[in-house]
Amino acid sequence: MSFNFDVYPKVVRRGRETEIKVEGIYPGMRFDPERRYIIRLFSKVDKREEISFEIKPEDERRLSFAYDFKTPGEYRFDLFVEGAHRPIGTFGLFSLEGELLSLRPFKGDMHIHTFYSDGAESPIYMAVRGKELGLDFIAITDHNKYEPSVEAIREAERIGLDMLLIPGEEVSTRESCGHILSINASGWVAGLMEEIERYDAEVSSIAAELEGRELVKGLTPRKYAHAVWVVRKIRELGGFAVIAHPYWVASRRFDLDRRVYEQLLEDGLYDAVELLGDVASEDNFLSVARFMDELQRGRRPPIIGNSDTHRAHGHTYGRYWTVVFAEELSVEAVLGAIKDHRSVACERPQGQNLRVFGPFELVEYTYFLDRELFPIHDGICALEGRLFMRVLEGKEGAIMGELEALKRELKGFYERYFG
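Here's a quick rundown of the structure.

Overview of the overall build of the protein chain
Along the protein chain, the regular secondary structure elements total 11 helices and 21 strands. Taken over the C-alpha trace, the protein chain has a radius of gyration of 24 Å; the compact-globule value for 419 residues is 22 Å, and the two agree within 12%. Across its three principal axes, the protein chain shows a C-alpha extent of roughly 85 × 55 × 35 Å. Across the 419 residues that make up the protein chain, the buried fraction comes to 56%. Counting only contacts in the protein chain whose residues sit at least 6 apart along the sequence, the fraction spanning at least 24 positions is 67%.

As for empty space enclosed by the protein
Applying the stated criterion across every chain, the model contains two cavities of 30 Å³ or more. Taken as a whole, the largest cavity encloses approximately 40 Å³ of empty space. Taken together, His245, Pro246, Tyr247, Glu274, Leu275, Leu276, Gly277, Val279, Asp283, Asn284 and Ser287 make up the full set of residues lining the largest cavity. When its residues are assigned to classes, the lining of the largest cavity shows five nonpolar, four polar and two charged. By volume, the second largest cavity is sized at about 30 Å³. Looking at the second largest cavity, the residues that line it are Tyr261, Leu265, Val273, Leu275, Ser287, Arg290, Phe291, Glu294 and Pro301. Secondary structure elements with two or more residues in the lining of the second largest cavity: α6 (258-267), β17 (272-276) and α7 (281-296). No other element matches α7, which puts four residues into the lining of the second largest cavity.

Quick word on the pairing of β17
With five of its five residues buried, β17 lies for the most part within the structure. When strand β14 (residues 240-243) meets β17, the two strands line up parallel, connected through two bridges. From the neighbouring strand, Ile243 faces β17, where its bridge partner is Val273. With three bridges connecting them, β17 and strand β18 (residues 303-305) associate as parallel partners. The residue bridging Glu274 from the neighbouring strand is Ile304, located in β18. For the crossover from β17 across α7 to β18, the handedness is right-handed.

A closer look at the sheet that holds β18
Pairing is mixed in the open sheet, where five strands are placed in the order β12-β13-β14-β17-β18. The sheet is open, and its two edges are formed by β12 (168-172) and β18, each paired on a single side. Along the sheet, successive strands turn relative to each other by an average axial angle of 35°, direction set aside. Where strand β13 (residues 179-183) lies against β14, four bridges are found, and the strand directions are antiparallel. Counterpart to Ile180 in the pairing with β14 is Ile243.

Brief notes about the pairing of strand β10 (residues 137-140)
Walk down a regular strand and you will see the side chains alternate between the two sheet faces. What you see with β10 is no split at all: Phe137 and Ala139 on one side and Ile138 and Ile140 on the other are buried throughout. Pairing between strand β9 (residues 104-112) and β10: three bridges, direction parallel. The partner of Ile112 across the bridge, within β10, is Ile140. Tracing the backbone out of β9, into helix α1 (residues 123-132) and back to the parallel element β10 gives a crossover that is right-handed.

Thoughts on the layout of surface pockets
Reported here for the second largest pocket is a volume of approximately 260 Å³. As for the second largest pocket, its lining consists of 14 residues, and the residues nearest its centre are Phe106, Leu329, Leu410, Lys411 and Tyr414. For the lining of the second largest pocket, the secondary structure elements donating two or more residues are β9 and α11 (400-417). Partitioned by chemical class, the residues of the lining of the second largest pocket number five nonpolar, no polar and nine charged.

Notes on helix α10 (residues 374-392)
End to end, α10 covers 26 Å across 19 residues, agreeing with the expected 27 Å (1.5 Å per residue, within 8%). Where α10 is buried, its residues touch β9, α1, α2 (147-159), β19 (320-326), α9 (360-372) and α11. Positive phi shows up at Gly394, right after α10, with a value of about 80°.

Re the packing of α10 against α11
Here α10 crosses α11 at 160°, and the two axes come no closer than 10 Å. On the basis of the axis angle, α10 is roughly antiparallel to α11. When the axes of α10 and α11 are compared, the crossing they make is left-handed. Of the residues in α11, those in contact with Ile376, His377, Ile380, Cys381, Leu383, Glu384, Leu387, Phe388 and Val391 of α10 are Met400, Glu402, Leu403, Leu406, Lys407, Glu409, Leu410, Phe413, Tyr414 and Tyr417.

A closer look at the side chain of Asp109
Within the secondary structure, Asp109 sits in strand β9. Buried charge without a partner: Asp109 forms no salt bridge, and the closest opposite charge is Arg129, 10 Å away. Engagement of the side chain of Asp109 in a polar contact is seen with the backbone nitrogen of His111, the distance being 3.1 Å. In this view, Asp109 contacts Leu135, Phe137, Ile138, Ala139, Asn306, Ser307, Asp308, Tyr317 and Tyr320; residues no more than four positions away in its chain are not counted.

Digging into α6
Taken residue by residue, α6 has Val260, Tyr261, Gln263, Leu264 and Leu265 as its buried positions. Of the surrounding elements, those touching the buried residues of α6 are α5 (221-236), β14, β17 and α7. Between the side-chain oxygen of the N-cap and the backbone nitrogen of Arg259 there are 2.8 Å, and the N-cap of α6 in question is Asp257. Directly beyond the C-terminal end of α6, a positive phi value near 65° is found at Gly268.

Rules of the game
- Residues numbered from 1 in each chain as written.
- Predicted model: local features only at pLDDT ≥ 70, side-chain atom pairs only at ≥ 80, totals over all residues.
- Heavy atoms only, no water.
- Helix = DSSP H or I, 4+ residues; strand = E, 2+ residues; numbered from the N terminus.
- Rg over C-alpha atoms; globule rule 2.2 N^0.38 Å.
- Buried < 20%, exposed > 50% of the residue type's maximum accessible area, 1.4 Å probe, protein only.
- Contact = heavy atoms within 4.5 Å.
- 1 Å grid on protein atoms, 1.4 Å probe; cavity = no way out; pocket = protein on both sides within 12 Å on 5 of 7 lines; lining within 4 Å.
- Points joined across faces, edges and corners; volume = space filled by probe spheres on them.
- Nonpolar A, V, L, I, M, F, W, Y, C, P; charged D, E, K, R; others polar.
- Pairing = 2+ DSSP bridges.
- Right-handed = clockwise from strand over helix to strand, strands pointing away.
- Axes fitted to C-alpha atoms, helices over the stretch in contact; angles between N-to-C directions.
- Expected span 1.5 Å × (residues − 1).
- Parallel < 35°, antiparallel > 145°, perpendicular 65-115°, else oblique.
- Left-handed = near helix turned anticlockwise from the far one by under 90°.
- Lys, Arg positive; Asp, Glu negative; His and termini not counted.
- Salt bridge = Lys/Arg side-chain N within 4 Å of Asp/Glu carboxyl O.
- Polar contact = N/O pair within 3.5 Å; in protein donor to acceptor, adjacent residues only side chain to side chain.

None of the figures reported here should be taken as evidence of function without further support.
Next up, the structure:
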């Protein structure tokens, strides 16, 4: 991506002629209306589709051209001054068709801890830090606590943070049944486990219900009933159940009993799987390998990536995340997109390249977005986040106007670059 020029739109409709505008941003990158420029455009997918043509700028700031993008996927074009051998800029475009055309990419993280459990900062601080990192949506998910996520939502509304915050909680199941994220539930799931007599009676009832079923070898109905209870309670409260870090090794053993995980997968008793998170690379790769096995079996688990961060700085925040392709930035649209397999899990370990997992079409598109559009998106968010940090410090004063301008700029980002 060249940051000396602004090219828009960058996402175009396949099979329809689209006007592409190129604007010089800095004084040294303005155009000479008396000179000719050459566009060399080609499809990254179809080697037969390549074209070169001359063009004259409209003025010092802008030139434009129209093209009918015939092939789905990425296009590149080089911009030359007539007579020069090296381009003054190389740019990417992406041609889409079908459902993806009407969807927008949003970045999020739904596994975040605060000082209410084993994190280091407050819920609202983690929310603002998420904005600074370029996230569009988050869920605070303290261990067996629901109120911190509600506090984050309340404080975000108070300061006007333009970010989607979703209620959350990381529920610790019993009998080595792992951790399950409760996302967007209307109440506190772990609190219901503290009603011991009622909990034991309900688990016993589920175990009796499972007695006649053939379970994974070695898995008892009583053990599995604890996981079933948690998922059912999340759903009863209108929530979205995510199996967290399924191959996390804690105290030299897998935290989630493998038999329980296999049964949950077989029964479809979850809404998504946390494919990537804050665990050892080997544990994440096992998670990905199991996901591939599920695809071979004809099952297709919805997937997400989460940081599971415990600190705002110097930990995993911003290194693991989800990209969803949704109609709008709302709870229903985001969770619906994940359920409909319109999400990818992303990781960028420190000093390493981006890795994206999910359906091929979405993975390819996400790599393009990461190169060409998310740097612009994240830059706006970073400025907003820094200003909101000043709001948290009680220094809002004159910066509220700047914040409103950045909010408008972020909204305009989608209108400008997605044709």
